[in-house]
Amino acid sequence: IDDETVQGTPRAAAPDERTGHVIIRATSGLLLPAGFVARDQGLSDLAPFGLAIGGGVGLGLSRHAELDVAASYGLLATSTECASCSVDTVSAGLGMSYHLAEGLAVDPFIRLGVGYRTLSASHQDEIDDVAAPGRYHGIDFFQIALGASFFPVRGFGFGPVLAADVGTFVERPAQAQSARAYAMFQLGVRIELDPIGLAATPPVEAARTA
């Protein structure tokens, strides 16, 4: 028995379907705030949950690595402790993603990044535990996202994503107390489109026409 019989015939690597590709994404899901907007003023006291929608653009650097910019808007629900509260948040970030697979129907990934966040709060209630109304500006010093995309056709995929942004507000209304850490958790669905991959001729069809 020779080595080729035991080890099998070497196969050429799959085509690189990420390097140089521009990927367009859209996300939506449940937003769960935690932590504080200021000392002893909980973020969940303003709004316990909300809806987040967002999008981003990524650039493939290699078969497995990608650089991206992303932005998100979150509209938070009214808290039972503050019936007059109105809260929304906007974030933008820069990140790097590592894709465990390449050229397969299922693509698990992990993303790490940093970003900027602004949060606007307004209310008429005079409650000690509820943060001062106004606009807050913060830094998401740690962003992480885990998920997997399923590609029913080449260049178009969708799948679940679980994300967490951790940061602190560095600028806040004058009446707000010193800053504390906050976190924004998101459980949602991500849709992605790779125009280059979608427009490319499938390898099987290319072989048939050669």
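Computed from a predicted structure; not experimentally measured. (Residues numbered from 1 in each chain as written. Predicted model: local features only at pLDDT ≥ 70, side-chain atom pairs only at ≥ 80, totals over all residues. Heavy atoms only, no water.)

### Topic: the overall build of the chain
Counting its regular elements, the chain contains 4 helices and 9 strands. Going through the 210 residues of the chain one by one, you find that 37% of them count as buried. Put simply, 67% of the contacts in the chain that link residues at least 6 apart link residues at least 24 apart. (Helix = DSSP H or I, 4+ residues; strand = E, 2+ residues; numbered from the N terminus. Buried < 20%, exposed > 50% of the residue type's maximum accessible area, 1.4 Å probe, protein only. Contact = heavy atoms within 4.5 Å.)

### Things to note about the packing of aromatic side chains
A complete count under the given rule lists 4 aromatic pairs for this structure. Arranged with centres 6.4 Å apart and planes meeting at 50°, the rings of F156 and F158 form a pair that is tilted. For F156, a relative accessible area of 31% gives the class partly exposed. Grouped by ring-pair contacts, the aromatic residues Y136, F169 and Y182 constitute a single cluster. Its guanidinium or amino end placed over the ring of F109, R190 lies 3.9 Å from that ring's centre, counting from NZ or CZ. (Phe/Tyr/Trp six-rings, centres within 6.5 Å; stacked < 30°, edge-to-face > 60°. Lys NZ or Arg CZ within 6 Å of the ring centre and 35° of its normal.)

### Quick look at the environment of S120
Structurally, S120 is set in strand 6 (residues 106-122). Once the C-alpha coordinates of S120 and D88 are considered, the two residues, 32 residues apart in sequence, prove to be 5.6 Å apart. In contact with S120, not counting residues within four places along its chain, are S86, V87, D88, G134 and R135.

### Points about the pattern of salt bridges
Opposite charge on two side chains lets them pair, provided their charged atoms get close. For the structure on display, the rule yields 8 salt bridges. R25 serves as the salt-bridge partner of E192, at 3.4 Å between the closest nitrogen and oxygen. Of the two residues, E192 sits in strand 9 (residues 181-193) while R25 sits in strand 1 (residues 22-38), which places them 167 residues apart along the sequence. Of the residues examined, E192 reaches a relative accessible area of 5% and is grouped as buried. Note that R190 is salt-bridged to E192, the shortest N-O span being 3.4 Å. Through salt bridges with shared partners, a single ionic network connects R25, E66, R190 and E192. (Salt bridge = Lys/Arg side-chain N within 4 Å of Asp/Glu carboxyl O.)

### A few points about the pairing of strand 3 (residues 50-60)
As paired strands, strand 1 and strand 3 are joined by 10 bridges and run antiparallel to one another. Within strand 3, the residue paired with S28 across the bridge is I53. Here strand 3 runs beside strand 4 (residues 65-76); their pairing, made up of 11 bridges, is antiparallel. Across the sheet, the residue bridging to G54 is S72, located in strand 4. A loop of 4 residues connects strand 3 with strand 4, the two strands running antiparallel in sequence. (Pairing = 2+ DSSP bridges.)

### Observations regarding the confidence of the model for the chain
Should the pLDDT be low somewhere, the predicted coordinates at that spot are not to be read in detail. Residues at a pLDDT of 70 or more form 82% of the chain, whose mean pLDDT is 84. A low-confidence stretch, residues 204-210 stays under pLDDT 50, and its non-local contacts, those more than four residues away or across chains, total 1 contact. (pLDDT = per-residue confidence, 0-100.)

### Some points on the side chain of S72
On the secondary structure map, S72 appears in strand 4. Within polar-contact distance, the side chain of S72 engages the backbone oxygen of I53 at 3.4 Å. In this structure, S72 is in contact with A52, I53, G54, T89, V90, S91 and Q186, ignoring residues within four places of it in sequence. (Polar contact = N/O pair within 3.5 Å; in protein donor to acceptor, adjacent residues only side chain to side chain.)

### A short note on the nonpolar core
With 16 residues, the main nonpolar core has L43, L46, V87 and L119 as its most contacted residues. Only strand 1, helix 2 (43-46), strand 6 and strand 9 provide two or more residues apiece to this core. Leaving out residues up to four positions away in the same chain, V87 has contacts with L46, A47, G74, L75, L76, L119, S120 and A121. (Core = buried A, V, L, I, M, F, W, Y, C linked by side-chain atoms within 4.5 Å.)

### Some details on the pairing of strand 8 (residues 156-171)
Where strand 7 (residues 134-153) and strand 8 come together, 12 bridges link them in antiparallel fashion. Looking at strand 8, one finds that F142 is bridged to V166. From the end of strand 7 to the start of strand 8, which pair antiparallel, there are 2 residues, and G155 there has a positive phi angle of about 90°.

### With respect to the environment of G93
Locating G93 in the fold gives a position in strand 5 (residues 86-99). The spatial distance from the C-alpha of G93 to the C-alpha of V114 is 5.5 Å, given a sequence separation of 21 residues. Setting aside chain neighbours within four positions, we find G93 in contact with D68, V69, A70, R111, V114, G115 and Q143.

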